[in-house]
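Inside the fold
In case you want the letters, here they are:
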Amino acid sequence: MRKVTRLGVMGGTFDPLHHGHLVTAEEALWQFHLDEVVFVPTGQPWMKADREVSPAEHRYLMTVIATASNPHFSVSRIEVDREGPTYAVDTLRELRQQRAGDVELFFITGADAMLEILQWKDPEEVLEQAHFIAATRPGYDIARFEKEAPTSHPRVSVMDIPALAISSSDIRRRVRDGEPIRYLVPEGVNTYIRKFHLYRGGG
Ligand code: ATP
Ligand code: MG
């Protein structure tokens, strides 16, 4: 019998990666019997959004540091190395090509990110490429999610996770305001942030 690899894909800006991300990935690994979860930090946004995003290389390295101790976690440079805008469909296709043999893809997101994805041009195309695992996330209106998301879609599953009200924006603000971030992010990520003086500026 041919072995099918069940591959979880966790995309994000990871500016910085925090324990909410890690708990979500670990829970998906467990609940959906995945073989591996690959973290995919986004490339540098080609359009400047409402804030300055840290250089991709910093975000990539913090993701590596945070996931290094878990044998089922890996990090992909696909989006970091790609020029121009990145689309989830391209990333999923490339990940599938990189792995020899049969791969079943599981796209892991928080409920907030899932709502965003549904506003994309071709959500159906992405749903063809991967199963969707939408994790509950504190602060996001789950009632709205249930109403707007096609949770009845056979390719979408809602996953309850131990709630961690942690966000990268709050961590950046805490660093800027001199508040502690210890225990919100892995120790190595905290050390990295201090070493490179990240999130100190006005932005
Ligand atoms: P920011 O505050 O800058 O938006 P973030 O904390 O939302 O950062 P992202 O890199 O934007 O982190 O998120 C990557 C993915 O992880 C998204 O799918 C997001 O929904 C999910 N996620 C982030 N934080 C949590 C959390 N505490 N619990 C569950 N899922 C989370
Ligand atoms: Mg976010």
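Quick note: structure is the one above.
The text that follows walks through the structure, step by step, so that each part is easy to find.

Rules and cut-offs
Residues numbered from 1 in each chain as written. Chains lettered and ligands numbered in written order. Predicted model: local features only at pLDDT ≥ 70, side-chain atom pairs only at ≥ 80, totals over all residues. Heavy atoms only, no water. Near = heavy atom within 4 Å. Polar contact = N/O pair within 3.5 Å; in protein donor to acceptor, adjacent residues only side chain to side chain. Areas by Shrake-Rupley, 256 points an atom, 1.4 Å probe, with all protein chains shown as cover. Helix = DSSP H or I, 4+ residues; strand = E, 2+ residues; numbered from the N terminus. Nonpolar A, V, L, I, M, F, W, Y, C, P; charged D, E, K, R; others polar. Pairing = 2+ DSSP bridges. Axes fitted to C-alpha atoms, helices over the stretch in contact; angles between N-to-C directions. Contact = heavy atoms within 4.5 Å. Buried < 20%, exposed > 50% of the residue type's maximum accessible area, 1.4 Å probe, protein only. Arc of directions from axis to C-beta. Parallel < 35°, antiparallel > 145°, perpendicular 65-115°, else oblique. Left-handed = near helix turned anticlockwise from the far one by under 90°. Phe/Tyr/Trp six-rings, centres within 6.5 Å; stacked < 30°, edge-to-face > 60°.

Close to ligand 1 lie 21 residues, the nearest being G110, D112, L164, S168 and S169. Contacts to ligand 1 include G110, whose backbone N or O atom sits 2.9 Å from an oxygen atom. Between ligand 1 and the protein, one listed contact pairs an oxygen atom with a side-chain N or O atom of D112 at 2.6 Å. Here ligand 1 has 600 Å² of accessible area as a free molecule, and 89% of this is covered by the chains. Listed by contribution, the elements that provide at least two residues to the shell around ligand 1 are β1 (4-12), α1 (19-31), β4 (102-110), α5 (111-117) and α8 (168-176). Among the residues making up the shell around ligand 1, the classes are represented as six nonpolar, 12 polar and three charged.

Taken in spatial order, the six strands make up an open sheet running β3-β2-β1-β4-β5-β6, and their pairing is parallel. Either end of the sheet is taken by a strand with one partner, and the two such strands are β3 (73-75) and β6 (156-159). On average, adjacent strands in this sheet sit at an angle of 25 degrees to one another, irrespective of strand direction. Sheet topology places β1 next to β4; seven bridges connect them, and they run parallel. The residue of β4 that forms the bridge with V9 is F107. Its contacts with the sheet place helix α4 (residues 88-98) against β1, β2 (36-41) and β4, and it is angled at close to 145 degrees to β4.

Note that V185 resides in the loop between α8 and α9 (187-195). Put simply, V185 and L17 are 168 residues apart on the chain and 6.9 Å apart in space, counted from C-alpha to C-alpha. Apart from the residues lying within four places of it in its own chain, the contact partners of V185 are P16, L17, H18, H19, I171 and N190.

Moving on, we come to the pairing of strand β5 (residues 131-135). Note on strand geometry: in a regular strand, side chains alternate between the two faces of the sheet. Among the five residues that make up β5, five are buried, leaving the element largely enclosed by the rest of the structure. Residue alternation in β5 divides its side chains into two sets, H131, I133 and A135 and F132 and A134, and both sets are buried. For β4 and β5, the ladder comprises five bridges, and the chain directions are parallel. Residue pairing in the sheet places F107 in a bridge with F132 of β5. Across four bridges, β5 lies against β6 in parallel orientation. Bridge assignment links F132 to a residue of β6, and that residue is V156.

For α8, the full list of buried residues reads S168, I171, R172 and V175. End-on, the buried residues of α8 take up no more than an arc of 100 degrees, which puts them together on one face. Those residues of α8 hidden inside the fold are in contact with α1 and α9. Immediately beyond the C-terminal end of α8, within one or two residues, lies G178, with a positive phi of roughly 75 degrees.

Where helix α2 (residues 56-67) meets α9, the closest approach of the two axes is 8 Å, and the angle between their N-to-C directions is 150 degrees. With respect to their mutual orientation, α2 and α9 come out roughly antiparallel. Crossing geometry of α2 relative to α9 is assigned as right-handed. Residues E57, H58, L61, M62, I65 and A66 of α2 touch α9, and the partners they reach there are G188, V189, Y192 and I193. Considered class by class, the residues forming the contact of α2 with α9 number seven nonpolar, two polar and one charged.

Moving on, we get to the packing of aromatic side chains. Tallied over the entire structure, the rule returns five aromatic pairs. Note on F14 and F39: the rings are 5.9 Å apart at their centroids and 55 degrees apart in plane angle, and the pair reads as tilted. One end of the pair, F14, is in the loop between β1 and α1; the other, F39, is in strand β2, with 25 residues separating them in the sequence. Summarising the aromatic geometry, the rings of F39 and F73 are spaced 5.1 Å apart at their centres and angled 65 degrees between planes, so their arrangement reads as edge-to-face. Taken together, the residues span a long stretch of sequence, with F39 in strand β2 and F73 in strand β3 at a distance of 34 residues. Using a relative accessible area of 0% as the deciding quantity, one classes F39 as buried. Under the relative-accessibility criterion, F73 is labelled buried at 10%.

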